[in-house]
Structures are given as structure tokens and as C-alpha cells.
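A look at the structure
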Amino acid sequence: MGGAVSAGEDNDDLIDNLKEAAYIRSKVVEQAFRAIDRADYYLEEFRDNAYRDLAWKHGNIHLSAPCIYSEVMEALKLRPGLSFLNLGSGTGYLSTMVGLVLGPFGMNHGVELHTDVVEFAQQRLENFIKMSDSFDRFEFCEPKFVVGNCLELVTDSLQYDRVYCGAGVQKDHENYMKNLISVGGILVMPMEDQLTQITRTGQNSWDVKNILAVSFASLVLPNKTGEQQQEDGVKLPNVEVRSLQDLTRITIRLWLRQLINQEHPQQSIVTHRVPKPRRKRRRQRDRRINTFVFVGNQLIPHHLDSDYDSDERQDGDVERDPPGDHATDLARPEAKLEPPPQNLLRERLLILPLPESLKNYLLYYREKTP
């Protein structure tokens, strides 16, 4: 599923295309998408495909198409302080974007069937917290992932404000899913080949809206996973009250961030990239058309060769540019790569007259400190 928008050269290009096609419509969703590079959730050897609007699967690791995630984010109508449950949390890409919107006082849980995928998601989350500048530009609700089948959640599980299911839900399980959300809550899930938004308007009343035609692999039924069934059901993470240390850390970081934003307003959270103008010119090329089909749960590439001339750049094109054109572009000063943005919050924390262990704590580093 995917291919609704053109491929981009980088994450910002991809977001520009999603905005142009009206898959991203709100500022908060745009900020979350720009804050996290989709390529960071790919295996290294597949990163070149990260900015295509296509689903990707390798073994148990799977990402839905960007146009699907953007529709899901818009349909969830997220805001700070809500609780969120991601059924089939996968790489953690969606859960991390949601965490940027929920803020430090939200709740962000994920359930994933495969242990290796949870380990992959946890690793990506650690990298985001330690390395990404975006982590220091937002208040963050850290996702917590558990392994298990989402159809085996314990019956006394709490209800959530927002729930997303990343696999096709059979009609038999519709009520099961509905009961996971509280009154006023929103459930988004693929059902009967439609991405569906269900709002719980009362104890036994619902508002149902179809958003987009989709094709998802169905939920895996219990006892058919090849992994050991959990006898007592899948227990979701405990609801924990923030410790005084955590509250202090949040307050210090927020206070410093506010000071930095006053001193450097251009470094504030709200960032709008001006789309790069697209030069249109006639190009001769031999084009290879890439199509993708699902066989079972696998995404299989199928190639068709075609002679096609277009004024716009397409993925998979073998271009024959006018001689010297590319070299001229590279020679221009503006073609040089820009340095990475300065992480002012981390720099400010590092110069504080504090013990190294406390600095590391304020930086959210995971290494054990004395």
C-alpha cells in the first residue's frame, strides 16, 4: 500500500509531498513528521528506499507507507496529556512521532508480536533520545513496548484515549477493539479494506467514519504465531506516577528550552522549510517502472521496462542530463552541504557547573553513572 505521492530526496522532501497531496493537514502532524527521519527506522542497506511512499518489509520488521501514517496521525487528533496504545507497534516510528505530541505527561504504550522487532524498536528509541536534536526541541512521552499478541490483552486492562491497530481487523474482533478506548476516545484501524476512525461517543454509542481504502495483512490469531503463548494474557505496562527526579528534570529542561527560544527564536520548535523549487526540463531516459505487490505478508518488487519522457523526476529513472549540467550544479557554493543545526539545549546543559553524572541525567543518557 502506498505510492500516493512522489518520492523525495530526503525526509523534508517526503513531507513536502505529503502536504501537497493533503495527507498532512495540521501543523502538529507536520512538526512530528519533520522531527523524525524515516530512514532512521530502516536497516542500513535499505535506507535508499526510505523516502518512497511505499510500505517496506524485511523479515519481521515492517513499516507502512508514509501516506498511511500521516492519515493515521491526523485521524487520531492527538494532543498533549492523552494516553495512546499502538497495536502492532513495529519499529516504533509511529509511537515516537506520537510521543512528541503527547508530551511528558501522556502515556504511550505499544504491543508487538515479535521479540526481535521490539528489540529493534527499543534500539531506535535509544538512538533517538541520545542523538536526535528533535528530542531536545519537544517535550517527549517515551514509548514503552511489550511483546505479545494484541488479541490476548488481559481483560482488566485500562482503556485509552487513542488506539491504533496496524493490521487488518476481522469483523469478529471489532467490539474487542472498541472496548479498548474510553468514552470520548478515538480508535483508528483497517477493517474491511478501509482505514476506519471510530469515536466512542457514549458507553454504548459510536461514530464510525471510513478514511481511506487500504490493504493490510490481517491480525495474527492467537496460537498461530509460532511463538509461545502467554498463559496469563498480555500485560500492558504499568501506569506509573512520575518521580520527583523526573519532574525536576522535565522542569529544568523546559526552563532552559524557554530561555534558549527567547534568545534564539529561529531555533524554536516550529520550523517551516521552504520547499525547493523544482526545475522542469525535458530529459531523455530509459525508465524502469517499479511496482510492488503483496504475496501473503511479503512485499515483492516487480519491474517493467518502459520508454517514457517526463518533465518531472521519478524514482528509478536512469537520466541522461545535458553534458556538464550536474558538474556545474556541484560547483556552485549553494550546492555545498549545510552543517547540522546546533543543539543549543545540550550545549547549555554541558556547561552547567554540575557533576558529570547529573549532566548525563539531564541529557537523558542511558549509560550508568556513578
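Residues numbered from 1 in each chain as written. Predicted model: local features only at pLDDT ≥ 70, side-chain atom pairs only at ≥ 80, totals over all residues. Heavy atoms only, no water.

Its identity is not glycine, yet Ala22 carries a phi of approximately 65°, on the positive side. Residue placement: Ala22 occurs in the loop between α1 (11-20) and α2 (27-35). For Ala22, a relative accessible area of 40% corresponds to the partly exposed category. Look at Asp193: it is not a glycine, yet its phi comes out positive at around 65°. For Asp193, the location among the structural elements is in the loop between β7 (181-191) and β8 (194-202). (Helix = DSSP H or I, 4+ residues; strand = E, 2+ residues; numbered from the N terminus. Buried < 20%, exposed > 50% of the residue type's maximum accessible area, 1.4 Å probe, protein only.)

A few words now on the sheet that holds β7. Taken in spatial order, the 7 strands line up as β5-β4-β3-β6-β7-β8-β9 in an open sheet, and their pairing is mixed. Edge positions in the sheet fall to β5 (144-147) and β9 (205-213), since each has one partner strand and no second. Strand-to-strand, the axes of this sheet are offset by a mean angle of 15°, without reference to chain direction. Here β7 runs beside β8; their pairing, made up of 6 bridges, is antiparallel. (Pairing = 2+ DSSP bridges. Axes fitted to C-alpha atoms, helices over the stretch in contact; angles between N-to-C directions.)

In this section: the nonpolar core. Leu18, Phe33, Ile68, Met73 and Tyr164 are the most contacted members of the largest nonpolar core, which has 59 residues in total. Elements represented by at least two residues in this core include exactly α1, α2, β2 (61-63), α3 (66-76), α4 (93-102), α5 (115-131) and β7. Core analysis: the next-biggest nonpolar cluster, separate from the first, contains 23 residues, Leu87, Leu153, Leu180 and Leu187 among them. (Core = buried A, V, L, I, M, F, W, Y, C linked by side-chain atoms within 4.5 Å.)

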